[in-house]
Each structure stands twice: as structure tokens, then as C-alpha cells.
Amino acid sequence: MLRKDPLFDAGTAGGRVLLHAAAHHQFMAALLYFIDVYPVLNGVRQVEEYRDEYFAGTDAPPWFMELNGSRLSELLSELFASFVCGRDLNQAVTSISIMADRGFLYTLDTLGEATLSEEEAEMYLEKQLEAVDALSAAGLPVHITVKPTSLYSQIGPLNFQQSVDVLVSRLKRILKAVKDADGFLHVDMEQRVYKNITISAFKQLVSESSYDQLGIAIQSYLKETKADLRDLTAFARQGNHRFTVRLVKGAYYEYERIFAQENGWPSPVFEEKYMTDAAYEENLAILFENSDLIRVAAATHNMRTAAEANRLASEAGLSTHEYEIQMLNGMATGMAEALVAMGITVRLYAPYGPMVPGMAYLVRRLVENTATDGMVRLQFIQAAAPEDIFAAPTGSSSRLLFHPDGQYFINHPPADFSLESVRSSFSRSVKNAGSVMKSVGERIQDISKNQISNRLSKAINDIEEVAPAWKSSSNAPRRAEILRRGASIMSRRIYELAAVQVLEVGKQWDQAYNDVCEAIDFLNYYAGESERLFAHRSLSGIAGERNTLSYRPRGIVGVIAPWNFPLAISTGMTSAALVTGNGVLYKPAEESAVTGRLMYEILIEAGVPEEILHFFSGEGEVVGAALVSDLRVNCIAFTGSKEVGMGIIETLSRQQPQPPHVRSSVTEMGGKNGIIIDADADLDVAVEAVLQSAFAFQGQKCSAASRAIVHESLYHEFLNRLVAAADSLIMGPAEDPGTYLGPPVSSEAERKIAEYIAIGREEGREMLVKDNLAIFADIRTEHRLAREEVFGPVLAVMKTDTLRRGIEMANSVDFGLTGGIVSRNRGHIDLVCENLEAGNIYVNRSITGALVGRQPFGGFKLSGQGTKAGGQEYLFNFVHPVAVSENMLRRGFSPDFRG
Ligand code: NAD
């Protein structure tokens, strides 16, 4: 008979909370959010405020709502203490000694904040060395588990080789101490994006260290794990290496599902719990087949799985000391004790650390303990019958993870750079991009001032000649089809198109690939939207009257594009104008003419008549200005700077001689975007969001964050972490996949950035200047650094004492493009969403990276006229609506009245 699980003891407040949470979803969700924010709350009053905010209106029990702030704090401390073995190393050592007395082995894990900088990585590494010292000083066997993402701040799939190299060298530093203590070093497994890095680093460590007290965790919920295990076991056999594999179910199940879904990737994890359980048993069998080399550590709280491990071990002829069951400290305690009583080796995973960073761990444990399909619930809450607990894992799939049901627009998936095949395809394309650029470049001839007038007239004549057929409404399906064909050509040539951007404008690999994805999205999205637009529309009418609304193209559209999203923005504006039946004069930016030319050629190949789409490369002041001034051009679609955009609006509205029609424009202009960091923000999220928004692609995005407006209570801590994180970013050429930040697009851009760095030095406190990247603190609203668009990696950090003041500061600029807030206070989030003057507002995430259909993009104030690229209304900018009303009554007869 198992001892009752203390976690779910209804006689304790903690047990009652967990039992209620396990049965009430709303309460559970609110509880997890509450635990997440709790560590930053200030005093009992605020705890009560958040209790009310988070739990009111949920299915929280009345007794819970009556718990006051101090009782709630005690409760959370108790819950936290039930899973961790101490808040510091001393407490951890004491707990581990007690575990040893109870017959358990252990492995020590250090809880911490996300590692965002190399300073933080070094601190984590130091903590491991301290732990080794403390454990050996206490006469305990040394056994530690380390997390790869905590050891290296720049770890990532794009930075694959460097991630492996740095990990190996840091693991070796820890291993030296572990070896001296004759201890054990275990490498944990985290999110799937880091899996291949972790496995590669582990293999290298094993090969180079000739030490067999090394282990790695492998997750059974991943569909690709069986292949990984085959690879690992082959590696062990080839080199006669000995090491441990801790087979786990996997701790990031929800995250992996959501991350894959967000990216449009197939889910890497099994859809159903029973599938993971079944896979786990198969994986166990693979490991036990190789138990002459691999020591098996079956990490499970599932009694059937533990029984299966015991069975496989005895089949393999292993004694109870030649394999082990691993369990998390505080979970399924009765089961752990029973296994020890049976003489089985049980190792407890024992995390330690302060409560603030430890809360993420607590959230994961609670999710696991209360999951509706979890074994913990079945065994220890529902006290299921033995035949159910020990039943073989079978079932039927009811959950389809990804529903491409046509209701939502499906974006083109980004590249999964954790795959070797993707990295090598990209690398080959980058090597080839120089020759692509050369040959495309030969087909580009800039149009000079002398030539422009003739060229324009010829192009306009061409368009006018074929316009009747092109623009007719019966041609609408063909136009949509051409766009879709363009999308599939781009999709087929995606690596080539991305690699050209790497060379032409210095985009990082992932950003370049995403730009092509966005171009493909625009083509598919506007094709679909045009079908909606040109579908026959009846309007309400009374009997005897027929009302319809239809749309006609405006005529000739001049498309003037920027260089920073060289394919996506050009393709978006051009395809929207084409699919609505207009003729297009397209001018790429000078800096990205090759990409522009490639887009032009792809659209022609897809079927746009050469008479309808014309390529006009050349200087903005010459070619762009000529398009804007020509009265035969009905509409200008422009994306670029405020100065040029406002000039275009002015020219279009004040023309002499008077044009034959009102000339319209779609002008998407610059930004001076701010992220507000609220007093209760999660700093891990805030620093990461600002870092990414301000510095990715050197800050050369209209949506980039150039101001961080930070609540005074966390101003210093935020700044310290941000500066250290920014200082750790890898700088280098865009051709190198590990580069986070490269040089600006041109020497002119570099000069402008240098100018603003000099201004920042005068106006604020210099926190970091490294190449072109700069962070200045204490910037105020009147400063130029707070008002003017730099279009480079220069960040102004501003302090605020209240949220309202923060919003005022954010709004105190000419622009209104993007903005955001990092906060865990629903009221504050709502206040920002209602009052921030920005066309795109992002909450608890970076403020860049809008996706077609999901986040229609565009601003107001002096950032634009409120048009939304990638949104349902966008095509309306390129058409004239025409309403037709027909009187159906003839001599008193109307067909509407015929039976
Ligand atoms: P830019 O204004 O210098 O150039 C944009 C385009 O306008 C180029 O093709 C250029 O040749 C042309 N041009 C220049 N002078 C002209 C003139 N007098 N008449 C007509 N055309 C002229 O901008 P850029 O440097 O290419 O791009 C950066 C700017 O674009 C930034 O301000 C950025 O914020 C903005 N931007 C806005 C968005 C958005 O969606 N709101 C998107 C990307 C970029």
C-alpha cells in the first residue's frame, strides 16, 4: 500500500489548493499565472490585489478568496518548498543528506533566471563549481545536472557550431571539478531547438574526456527520439563509450506544441499521452538492449513504466544497482519510497534556488501534477484500480494538433535551422549568391534623368494598350492564379532569394528567409482577398430595385519600395496593385535593386503581362520623384521614410495643372517605437523582447524598438541585464550564420548612426557603445534621441514613475507605428491597448515580426494613413468602389414579385 501523497493531502491548505486546481481548469490557469507573478509582488496588499484580479470570476473556491496576503504567501512558499530542496546551497546540502538517509540518491539542479548574457552564463557556471565544492565538502557523492541554455547566452540553432564548441569548453570546466571529486555530470535536455546542439556537444564531451560518469537526458515525447537513440547507441558502440541516458517523458510538452503551431511546423511531439508512454517503453527497450555500454536511468512517476524498466532490466540480467529509476523531488513520494523499499535504486532530481527564478519550475511541476491525462493524477488523485494503472499504453487519437481548416490564413513556415539539412542548403545558397547577384545585376540598368520621361511614357502606353483585358472583372480569377503561381516560384527558390538578401542588404539568415516567407504570404493572401473582393456583391434593396457594389482598379500604380524588407514589402505593394487589375510601375530602393529585379522577373514568369508590370530602377530623387509627379499615375504605393512619404502626399495633393482625378496614396512611413516595461514585468521576457526588437537586423526595421520606457522600480535591474545581454550579442558579417548583428546597410546609414550616438552621449548616460550598437539611459521626452528615427541599433532607455506617465511618454512622438507593453497586470495591459498611439501593439513579446493575416501591419500619426498591409482592408486602397442601383420595375411588373 502506497503512502498517501502528501502533495494531495486534503488536510493541508496546499493539498486542497492542488486538489481543487486539478478539477477546475479556470482556477488552475489563474493559479499558474498568479504563481508566475507572485515573486515580484510587493507586500501583502499587492498580493491581495493580484489575488482579486487573477481569481475573481473564476471557479476559485470561496475559502481560497478569503485567504489574506500573508496566508497566500505562506501557501506559495510551502508549495515551492515541496518541490525544491532548498533556497540556497546550504539548505540543499542538508536536504540531500536527509535524502541519503532515506535511501535515495540525488542529482542537484540549480534554478535560475534565463541566461541572457555571458555574465549570467559565467555566474551559472560558477554556481556549478560551488555546488561541486559544497557537496564534496559535506562528504556527499557529487552528482549535478546542468542546463545547456544556462551555460551559453548565445546558444541557438543558427549559431550551431559555435554553440557546440562553447558548450563543450564550458562543460569541460565543470567536468574538471566533477572529475576531481570523482562525481557525475549530467547534461539536461530542454526545448527541441537546442536538442541537436546538446547531443552533439555531449558526444564531443564523451569522446574527448574519457570519463564515463557522464549522462544526457533524452525526451520520449519527441517523435524523432527513437532515431536519436539509435544514433547515440551506435556512437557508444563505435567508440566503446560508456555513459548514462536519463530517459524522460519531457517537460516542455505544451511549449513544443505551441511553438510548432506558431511556426506552421508539424508537431514534433506525440499527439496523445498514451503514444508518449508507448514510445517511452520502446525507447527503454532500445536502451536496455545496449546496457553493456549505457547505464539506463528511467525517469518516471508512472508505476507501469517503472515496472517495465524493472522487467527489462532483469531480462537484460542487470542487478538493481546497474540501472536506476529517477524521480522529481516532491513528486509521487510514496511511489519513490516503495521502490527504495524494494531495493531499487532511486535518484531524486533535486533543484535548489531562490523563489523568484524558481517559480517557473513550480509552474511546470504543478502542470504535470494536475494534467488531466497524467499518471500522477490517475495514481494519486483518482486512486485508480491497479489494472488501470498497469494497463499497457494504448488508445485512439482524438487531438489533432494543427488544424489547417481554411478558416485562418496559413503562413509560410520559417526555416527550422536546428536541422542540418536546412543549414547546409542555406550555406550553399549563400556561397552561390555572389554569382546570382552578378548575373541579375547585368539585367539592371538604372534610368537616368534624361531617359525617365520617355521610359515613363512608353510604359504607360503599354499599360493602356492591354489594360482593358487585364482589368476586366472576368480576369480577376486569372490575376489571383498568377499571384499563387508567383508564390510557388518563390517557395521553390526560397534559399536563393534569401541568400541574395544576405549579401545585398546584410540580413541575417533567419531574417532573410522570413522576408521571403512574408513575400509568399502576401501573394497567397492577396490572391484570396481579391477573390472575396471581386465576388458579386448584392446590397440590401427593396422589391423592384437591384443594388450591387463592384470594384474597379484605379488605373496605374507607382510602387516605391524600401530596402529593408526588400522582397516582402515590394511584393506586397506590387501584388496588391496587380491583383486588383492595375498596371504597375515598380521602383525598388537603390540598395536592393537585385532583389527587386528578381521579384519583377518572378512575377513576369508567373504570368503578369510585360505590358502591365514595369521595372524602374534608379535614384529615388529622379525615378521615384518622376513617378510621383506624373499625372497619368493614379496612385502611389510607398513605403519608406517620413520625409519622402510626406513629400509624396504633398505633391499628390497640390498639383498643377490639375490632374484629371484625385491622386491617392498608400504611404507607410517610419516609427519611433516604444516598449513599456511595467513594474511587475518578468525581466526575462522584458530584456529578451527589447533586445530582439531593438537590435535584430541592426535595428533597421520600421517596427524596431528605439525606446524602452521602464518603470522606476526595476529600471536599474533592467538596464544592467539589458546592457550585459546586448554586450554578449555576436557581431559579424551577415554571411556568418552565428551573427546576431552586422554592419548597417550603407556607409551613409553608418554615418547617421554615428551622429545619433554622439547626440546620445550629450543627452543621456552612455551604457554601451559597441560598433554601431548603443544604449543610452536617462533619456527624456524632449531629447532628440527620444523623438527622431535613427533606423539603426541605438536604444534610448527612459524612466517612468507610473504607467500613465509611461503611456504619455510613449505617445510624445510624431510617429504611431508599433509599441508594446511587458506586464502581468490585466488592467495595465488594457490601458495600454486602449491608449497607446500605435497601429500595432504587442503584449509580452517583441514588437517586430508582424505576420500577414495574423498581425495586419501599418501605423497612423506620421507613420501612415492607417492602411494595413496583410490585412483584409488593404486591397481597397487600389480600387474605386462603384455602386449600381437598377430599377427593376417595368410597366408595373417586377420579377421580384413573380411566384
Ligand atoms: P527612403 O524613404 O529613403 O526610400 C524609400 C524609397 O523611396 C526608395 O525606393 C527610394 O529610392 C525612394 N525615394 C527616395 N527619395 C524619393 C523621392 N524624392 N521621391 C520619390 N521616391 C523617393 O527609405 P528607406 O531608407 O529605403 O527605408 C527606410 C525607411 O522606411 C525608414 O524610415 C523606415 O521606418 C521606413 N519603413 C516603413 C515601413 C512601414 O511599413 N511603415 C516599412 C519599412 C520601412
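Right above here is the structure, for reference.
Note that the coordinates shown come from a computational prediction; the quantities given were computed from them, not determined experimentally.

**Description of the pattern of salt bridges**
Part 1 of the reasoning: Throughout the structure, instances matching the rule amount to 53 salt bridges.
Part 2 of the reasoning: Note that Glu281 and Arg304 form a salt bridge whose closest N and O atoms lie 2.7 Å from each other. Of this pair, Glu281 sits in helix α13 (residues 273–289) while Arg304 sits in helix α14 (residues 303–315), and the two are 23 residues apart along the sequence. Here the two residues Glu281 and Arg304 agree in accessibility, since each one is buried.
Part 3 of the reasoning: Overlapping salt bridges, with partners in common, bring together Arg192, Lys195, Glu224, Asp228 and Asp416 in one network.

**Quick notes on the packing of aromatic side chains**
Part 1 of the reasoning: This model, assessed by the stated rule, comprises 31 aromatic pairs.
Part 2 of the reasoning: Pairing Phe426 with Trp509 gives two aromatic rings, centres 4.6 Å apart and planes at 15°, and the pair type is stacked. Here Trp509 lies in helix α23 (residues 509–534) and Phe426 lies in helix α19 (residues 420–441), a separation of 83 residues in the sequence. In terms of burial, Phe426 and Trp509 fall into one category: buried.
Part 3 of the reasoning: Ring centres of Tyr600 and Phe615 lie 5.6 Å apart, and the angle between their planes is 35°; on these two criteria the pair is classed as tilted. A residue pair is termed long-range when its members are at least 10 positions apart, and Tyr600 in helix α25 (residues 593–606) and Phe615 in strand β13 (residues 613–615) qualify at 15 residues. Accessibility assignment for this pair places Tyr600 and Phe615 in one class, buried.
Part 4 of the reasoning: Taken together through their ring pairs, the aromatic side chains of Phe27, Tyr33, Phe34, Tyr38, Tyr50, Tyr54, Phe55, Trp63 and Phe64 make up a single cluster.
Part 5 of the reasoning: Positioned above the aromatic ring of Trp470, the side-chain terminus of Arg479 is 6.0 Å from the ring centre.

**Focus on the side chain of Lys868**
Part 1 of the reasoning: Its place among the elements puts Lys868 in the loop between β24 (860–861) and β25 (879–887).
Part 2 of the reasoning: Lys868 has contacts with Gly839, Asn840, Pro856, Phe857, Gly858, Glu873 and Tyr874, leaving out every residue within four places of it along the chain.

**Looking at the sheet that holds strand β23 (residues 840–843)**
Two orientations exist for strands paired in a sheet by backbone hydrogen bonds: parallel and antiparallel.
Part 1 of the reasoning: The sheet built from 7 strands is open, its strands ordered β18-β19-β20-β17-β16-β22-β23 with mixed pairing. Among the strands making up the open sheet, the edge pair consists of β18 (765–770) and β23. Sheet twist, expressed as the mean angle between neighbouring strand axes with direction ignored, is 15°.
Part 2 of the reasoning: Sheet topology places strand β16 (residues 673–677) next to strand β17 (residues 705–711); 5 bridges connect them, and they run parallel. The partner of Ile676 across the bridge, within β17, is Ile709.
Part 3 of the reasoning: Strands β18, β19 (773–777) and β20 (794–800) of the sheet are contacted by helix α30 (residues 747–763), whose axis makes an angle of about 25° with β19.

**Regarding helix α31 (residues 803–811)**
Part 1 of the reasoning: All of the buried residues along α31 are Leu803, Gly806, Ile807, Met809, Ala810 and Asn811.
Part 2 of the reasoning: If you follow the buried residues of α31, they end up packed against β16, β17, β20, β22 (818–822), α32 (826–835) and β24.

**A closer look at the pairing of strand β5 (residues 243–248)**
Part 1 of the reasoning: Burial runs high along β5: 6 of the 6 residues are buried.
Part 2 of the reasoning: Alternating positions in β5 separate into two faces, Phe243, Val245 and Leu247 on one and Thr244, Arg246 and Val248 on the other, with burial throughout.
Part 3 of the reasoning: As defined by bridge partners, strand β4 (residues 214–219) adjoins β5 across 5 bridges and the pair is classed as parallel. Paired with Ile216 across the bridge in β5 is Val245.
Part 4 of the reasoning: In terms of handedness, the path from β4 via helix α11 (residues 225–239) over to β5 forms a crossover that is right-handed.
Part 5 of the reasoning: With 5 bridges joining them, β5 and strand β6 (residues 294–299) adopt parallel strand pairing. Bridge pairing links Phe243 to Ile294 in β6.

Definitions and cut-offs
- Residues numbered from 1 in each chain as written.
- Predicted model: local features only at pLDDT ≥ 70, side-chain atom pairs only at ≥ 80, totals over all residues.
- Heavy atoms only, no water.
- Salt bridge = Lys/Arg side-chain N within 4 Å of Asp/Glu carboxyl O.
- Helix = DSSP H or I, 4+ residues; strand = E, 2+ residues; numbered from the N terminus.
- Buried < 20%, exposed > 50% of the residue type's maximum accessible area, 1.4 Å probe, protein only.
- Phe/Tyr/Trp six-rings, centres within 6.5 Å; stacked < 30°, edge-to-face > 60°.
- Lys NZ or Arg CZ within 6 Å of the ring centre and 35° of its normal.
- Contact = heavy atoms within 4.5 Å.
- Pairing = 2+ DSSP bridges.
- Axes fitted to C-alpha atoms, helices over the stretch in contact; angles between N-to-C directions.
- Right-handed = clockwise from strand over helix to strand, strands pointing away.

Geometric descriptors of this kind do not, in isolation, establish any biological role.
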